[in-house]
Amino acid sequence: MPELPEVETTLRGIEPYLKNATISDIVVRNASLRWPVPAKQLSTLVGQKVIGAERRAKYILIHTKLGSILLHLGMSGSIRVLKFGAEVGKHDHVDINLNGNTIIRLNDPRRFGCCLLAHEPINEHRLIAKLGPEPLSSDFDGEVLFKRSRGRSIAVKNLIMDGNIVVGVGNIYACESLFLAGIRPTVTAKRLSRLRYKKLAEVIKVVLANAIKAGGTTLNDFTQADGKPGYFKQELQVYGRAGQACNDCDSKIKSQFIGQRNTFYCPTCQTF
DNA sequence: CTTTACGCCTGACGGC
DNA sequence: TGCCGTCAGGCGTAAA
């Protein structure tokens, strides 16, 4: 399931092809995603040069002079780079063709992703405007978490998964980060000290950076832009390991629902 | 303002 | 073998 590392991995895979490319066609094969794909609007970009590509939170943004394509992988989406004429498969929703020879193809079985066109400055787009800082940037640190946690009675796990506080931390990396910080996921956000949040912010950065290095985590659907899986699954300490032994202390990893999400933690290592 | 629950969707998996 | 129930979950949205 694409979280920040998977989206970053995807961007890095397609970026070389987007550089200096001209959009030669946009084919909307199945417009049914989270919101309908605006095929007609997108077609106005045909003939435009790509002037940049970036990731913001879990969105991939492809900029042209006339507007930006805004892609989200939802929880089962992936983007592949293919040669023009490549066979079309099930759930291939949108092709962005480049220079008449390359396809940037969005596949999304569960259709939670999106492909939209933004005309306004991207930071003003309704899906982007209210997002919190990028976790790997210097705008994010323990002080941010500490300040935003004051007065909050939600579980700390829900705090770090809130995109208005910090972006890109989904269920997998939230569980992993809390394990490395030694913090119980259920702890009320306002009860944790400044020192604990400093540690938590640090490990979030480390976990995400390591996952990017491994090419992301592939559980079921995710593939990198070249079709290969990510290899971070092998490094997971708690996620999906209920009943198995903790790598640090041998206790049984426990699972528990917080909100609507299954949460994994070590009862011995995570006591704060 | 905060917190909570829901729903969108398909495929994998386990039980019978 | 096949059918069916359950689960996965990002995140906008509505309701409390």
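Look up a bit, the structure's there.
Each residue is numbered by its place in its chain's sequence as written, counting from 1. Naming scheme: in the order in which they are written, chains are lettered from A and ligands are numbered from 1. Note on the predicted model: pLDDT of at least 70 is required for a residue's local features to be given, and 80 or more for side-chain atom pairs to be given and counted; whole-chain, interface and lining totals, by contrast, use all residues. Side-chain measures were taken over the full set of non-hydrogen atoms in the model, leaving aside hydrogen atoms and water.

A. Just the protein's contact with DNA strand B, in detail. Working definition: residue near molecule or strand if any one of its non-hydrogen atoms lies within 4 Å of it. Taken together, Arg34, Lys90, His91, Pro109, Arg110, Arg111, Phe112, Arg152, Ser153, Ile154 and Gln260 make up all the residues around DNA strand B. A breakdown of the atoms of DNA strand B within 4 Å of the protein gives sugar and phosphate a share of 69%. For the surface near DNA strand B, the per-class residue count stands at three nonpolar, three polar and five charged. Only Asp, Glu, Lys and Arg are considered charged, only Ala, Val, Leu, Ile, Met, Phe, Trp, Tyr, Cys and Pro nonpolar, and every remaining residue, Gly among them, polar.

B. Region of interest: the sheet that holds strand β6 (residues 92-98). With antiparallel pairing, four strands are arranged side by side in an open sheet as β1-β6-β7-β5. Looking along the sheet, the strands with just one partner apiece sit at the ends: β1 (23-28) and β5 (78-83). Within this sheet the neighbouring strands show an average axis-to-axis angle of 20 degrees, counted without direction. Where β1 lies against β6, five bridges are found, and the strand directions are antiparallel. Bridging across to β6, Asp25 finds its partner in Asn97. Sitting on the sheet, helix α1 (residues 4-18) touches β5, β6 and β7 (102-107), and the angle it makes with β5 is about 30 degrees. One requirement defines pairing of two strands: DSSP has to find at least two bridges between them. Strands are runs of DSSP state E lasting at least 2 residues, helices are runs of H or I lasting at least 4, and numbering of each runs from the N terminus. Convention adopted: a line fitted to C-alpha atoms gives each axis, helices being fitted over their contacting stretch, and angles between N-to-C directions are expressed from 0 to 180 degrees. Any two residues whose heavy atoms approach within 4.5 Å are treated as being in contact.

C. Up close: the environment of Phe257. Residue placement: Phe257 occurs in strand β9 (residues 254-258). Categorising residues by exposure relies on relative accessible area from a 1.4 Å probe, with only protein chains included: less than 20% of the type maximum marks a residue as buried, more than 50% marks it as exposed, and the intermediate range marks it as partly exposed. Classification of Phe257 by relative accessible area gives exposed; the value is 55%. Distance in space between the C-alpha atoms of Phe257 and Thr186 is 9.5 Å, their sequence separation being 71 residues.

D. Examining the pairing of β6 more closely. Of all seven residues in β6, seven are buried; the element is thus mostly enclosed. As paired strands, β6 and β7 are joined by six bridges and run antiparallel to one another. Bridge assignment links Asp95 to a residue of β7, and that residue is Arg105. The turn joining β6 and β7, which pair antiparallel and follow one another in sequence, is formed by three residues; a positive phi near 55 degrees is taken by Asn99.

E. Examining the pattern of salt bridges more closely. When a carboxyl oxygen of Asp or Glu is within 4 Å of a side-chain nitrogen of Lys or Arg, the pair counts as a salt bridge. Following the criterion strictly, the structure yields ten salt bridges and no others. For Arg12, the salt bridge is made with Glu8, and the minimal N-O distance between the two is 2.9 Å. One end of the pair is Arg12 and the other is Glu8, both in helix α1 and four residues apart, which spans about a single turn. Residue Arg12 is classed as partly exposed on the basis of its relative accessible area, which comes to 48%. The buried category is assigned to Glu8, whose relative accessible area is 11%.

F. Structural detail: the protein's contact with DNA strand C. Taken together, the neighbourhood of DNA strand C is formed by 20 residues, with His72, Met75, Arg110, Tyr239 and Arg261 sitting nearest. When atoms of DNA strand C within 4 Å of the protein are sorted by moiety, sugar and phosphate together comprise 60%. Counting of polar contacts relies on pairs of N or O atoms within 3.5 Å, with two restrictions inside protein: one atom must be capable of donating a hydrogen and the other of accepting it, and residues adjacent in sequence are counted only when both atoms are side-chain atoms. Here a phosphate oxygen of DNA strand C sits 3.3 Å away from a polar atom, N or O, in the side chain of Tyr59. Within the side chain of Asn262, a nitrogen or oxygen atom sits 3.1 Å from a phosphate oxygen of DNA strand C. Its residues assigned to classes, the surface near DNA strand C comprises nine nonpolar, five polar and six charged.

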